[in-house]
Each structure stands twice: as C-alpha cells, then as structure tokens.
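Residues per chain are reported as follows:
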Amino acid sequence: MIYKVYYQETKLEVPVRENTKSLYLEASDVREVRAKLQDRDYNIELIQLLEGNYLEYEQASENYRLEKFD
C-alpha cells in the first residue's frame, strides 16, 4: 500500500500549514510507516493511505516520488 506522510522537518518546529512537507512511501500499515521514518527527526502530522482515484491523482502529480528504504 502507498501512504502519504505530512510532516515538519524537525520536532521542534511548530506545525504551520505553509511549512508542511509530504512524502510517499510503500508499507503494509501505518505502524510500518512510522518504523521506517523513526530515524528521521520528523514531526509527523498525518499519515494517509492512498488508494483508488486518490492514488491515481497523486501519481499524476509532478511532486510524486516514492521514497526508497533498505
């Protein structure tokens, strides 16, 4: 499954909509998403499952890039 994660770059940063960034990654569930991002100092605001038309819309965006984790 593909997830979209909305986050701030550091946990010390106050969440402000204009500074919110996003990334896309593949995982089996939300717990796995959090585990993959654990080593990054992100302040995660929202983890959203993308499927169906929502996934197609995001994939058509020029900003869509699936993160790779080893």
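One can find the structure itself at the top, above this paragraph.
Residues numbered from 1 in each chain as written. Predicted model: local features only at pLDDT ≥ 70, side-chain atom pairs only at ≥ 80, totals over all residues. Heavy atoms only, no water.

Examining the sheet that holds strand 1 (residues 2-8)
- Ordered in space as 2-1-3, the three strands form an open sheet in which the pairing is antiparallel. Edge positions in the sheet fall to strand 2 (21-26) and strand 3 (43-50), since each of these pairs with one other strand and no more. Between one strand and the next, the sheet's axes are offset by a mean angle of 25 degrees, whatever the strand orientation.
- Here seven bridges tie strand 1 to strand 3, and the two strands are oriented antiparallel to one another. Looking across to strand 3, one finds that Val5 is bridged to Ile47.
- Sheet strands touched by helix 2 (residues 53-60): strand 1, strand 2 and strand 3. Its angle to strand 3, the strand with the most contacts, is close to 115 degrees. (Pairing = 2+ DSSP bridges. Helix = DSSP H or I, 4+ residues; strand = E, 2+ residues; numbered from the N terminus. Axes fitted to C-alpha atoms, helices over the stretch in contact; angles between N-to-C directions. Contact = heavy atoms within 4.5 Å.)

A few points about the nonpolar core
- Listed in full, the 10 residues of the largest apolar core are Tyr3, Val5, Tyr7, Leu23, Leu25, Ala27, Val33, Leu37, Tyr42 and Ile47.
- When residues in this core are grouped by element, the largest group, three residues, is from strand 1.
- The residues contacting Leu37, other than those within four sequence positions of it, are Val5, Leu23, Leu25, Tyr42, Ile44 and Phe69. (Core = buried A, V, L, I, M, F, W, Y, C linked by side-chain atoms within 4.5 Å. Buried < 20%, exposed > 50% of the residue type's maximum accessible area, 1.4 Å probe, protein only.)

Thoughts on the pattern of salt bridges
- Following the criterion strictly, the structure yields five salt bridges and no others.
- Notably, a salt bridge pairs Glu32 with Lys36, separated by 3.5 Å at the nearest N-O pair. With a gap of four residues between them, Glu32 and Lys36 both fall in helix 1 (residues 30-36), about one helical turn apart.
- For Glu32, a relative accessible area of 26% corresponds to the partly exposed category.
- Measuring nitrogen to oxygen at the nearest pair gives 3.3 Å for the salt bridge that ties Arg65 to Glu67. (Salt bridge = Lys/Arg side-chain N within 4 Å of Asp/Glu carboxyl O.)

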